[in-house]
Amino acid sequence: MKALVISGGGSKGAFAGGVAQYLIEELKRDYDLFLGTSTGSLLVSHLALGEVQKIKKVYTSVDNDSIFSVCPFKIKEKYGVQQISINHINVIRNFIRGSKTFGESHNLRKLIRKSITQEDFERLKNSNKEVVIAVSNLSYSQVEYKSIKDYDYDEFCDWVWMSSNYTPFMTLVRKDGCEYVDGGLGSMVPIEEAIKRGATEVDAIILQTEMTQFNRLPSKNPFSLLTAMFNFMIDRIEYQNIKIGKFVASNNDAIINFYYTPTVLTTNSLIFDEAKMTEWWQRGFEFAKFKNKEVSQLEI
């Protein structure tokens with residue numbers, strides 16, 4: 001059984017889309033299982049349907065207004081570098097309304113339902129492909145994996161949304177008495193889950209460089225410090241997920257093909273820029289092409 005696993009990474013998901021496009025359209029990889037976390041969860045349904053161009057259009061046309069119904073930060077560009085600062089008015093208004101988070105992402109929920117139609121969902125659910133979404137349950141301090149086979153259309157769209165909610169900057173969702181947030185908080189790269197579900201070969205797209213690089217700008221304000229701290233925590237979770245995934249694979253005779261980003265794409269993946277994401281999608285496609293060309297030469 002072949003599985004495609006896509007990690008979280010916010011706007012960097014565009015790079016993952018380009019890699020997946022090459023694997024599916026050029027190499028004709030036929031996956032049985034698709035697992036996604038956060039931005040990965042937004043990609044996997046369309047990839048399972050073979051609707052690559054449809055999800056490419058979404059990823060190369062979104063901006064922050066497409067994601068946030070209440071954006072908690074402002075973006076400033078200084079000396080060619082984008083920096084974020086707190087949007088005090090939006091944050092205060094959000095707290096007055098009784099929200100527990102700095103911002104809200106209800107626009108993302110609308111975008112998910114617009115891009116994944118009821119017809120798309122039924123086709124996928126009735127196919128031989130399985131799509132699995134990782135979410136973090138704060139109430140029970142555990143990661144849960146939601147298969148499309150187990151839910152109806154509305155529930156599945158909501159799980160995708162919850163998996164992508166990078167709290168405390170995006171919406172905190174309460175469902176069935178529990179609070180759910182971004183799947184990356186517990187399972188940034190669900191390789192282990194793919195192997196547990198029977199995968200013998202996994203293509204894992206990691207939206208981070210393989211080797212540690214200096215990719216954090218100095219904190220300019222409390223908001224940028226908070227994002228840096230959360231990014232540090234998630235980077236550590238990602239490292240542990242990969243380490244555990246390799247261990248599980250070695251004990252189950254499974255193969256993992258890793259596709260890391262070759263360079264640091266952005267220092268803040270909460271900034272959604274159409275031009276950059278269009279460029280990253282193409283870079284992902286070209287990188288996958290280059291990497292597989294190298295593998296073929298080594299085999300010869």
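Residues numbered from 1 in each chain as written. Predicted model: local features only at pLDDT ≥ 70, side-chain atom pairs only at ≥ 80, totals over all residues. Heavy atoms only, no water.

Enquirer: How would you sum up a nonpolar patch on the surface? Please name residues and give values.
Expert: A cluster of nonpolar side chains, Leu138, Leu185 and Met233, forms an exposed patch at the surface whose accessible area comes to about 220 Å². Following the sequence through the fold, Leu138 ends up in the loop between strand S5 (130–137) and strand S6 (142–147). For Leu138, a relative accessible area of 38% corresponds to the partly exposed category. (Patch = residues over 30% accessible without salt bridge, like charges linked within 9 Å, V, L, I, M, F, W, Y side chains within 5 Å. Areas by Shrake-Rupley, 256 points an atom, 1.4 Å probe, with all protein chains shown as cover. Salt bridge = Lys/Arg side-chain N within 4 Å of Asp/Glu carboxyl O. Helix = DSSP H or I, 4+ residues; strand = E, 2+ residues; numbered from the N terminus. Buried < 20%, exposed > 50% of the residue type's maximum accessible area, 1.4 Å probe, protein only.)

Enquirer: Help me get a handle on the pairing of strand S8 (residues 178–181), residues and values and all.
Expert: Residues Cys178 and Tyr180 line one face of S8 and the alternating positions Glu179 and Val181 line the opposite face, and both faces are buried. Both S5 and S8 contribute to a ladder of two bridges, which runs antiparallel. Its bridge partner lying in S8, Asn137 is registered against Tyr180. Pairing analysis gives three bridges linking strand S7 (residues 173–175) to S8, with the strands arranged antiparallel. Bridge pairing in S8 places Arg174 opposite Glu179. In textbook terms, the turn of a hairpin is the stretch between consecutive antiparallel strands, and for S7 and S8 this stretch comprises two residues, one of which, Asp176, has a positive phi near 55 degrees. (Pairing = 2+ DSSP bridges.)

Enquirer: Account for the packing of aromatic side chains, with residues named and values stated.
Expert: Across all of its chains, the model carries 15 aromatic pairs by this definition. Note on Tyr31 and Phe34: the rings are 5.7 Å apart at their centroids and 75 degrees apart in plane angle, and the pair reads as edge-to-face. Ring centres 6.1 Å apart and planes at 25 degrees place the aromatic pair Phe102 and Phe169 in the stacked group. One end of the pair, Phe102, is in the loop between helix H5 (88–96) and helix H6 (106–115); the other, Phe169, is in the loop between helix H8 (153–163) and S7, and 67 residues separate them in sequence. For Phe102, a relative accessible area of 22% translates into the label partly exposed. Note on Phe169: relative accessible area 0%, which makes it buried. Its end group placed over the ring of Trp159, Lys175 keeps NZ or CZ at 5.5 Å from the ring centre. (Phe/Tyr/Trp six-rings, centres within 6.5 Å; stacked < 30°, edge-to-face > 60°. Lys NZ or Arg CZ within 6 Å of the ring centre and 35° of its normal.)

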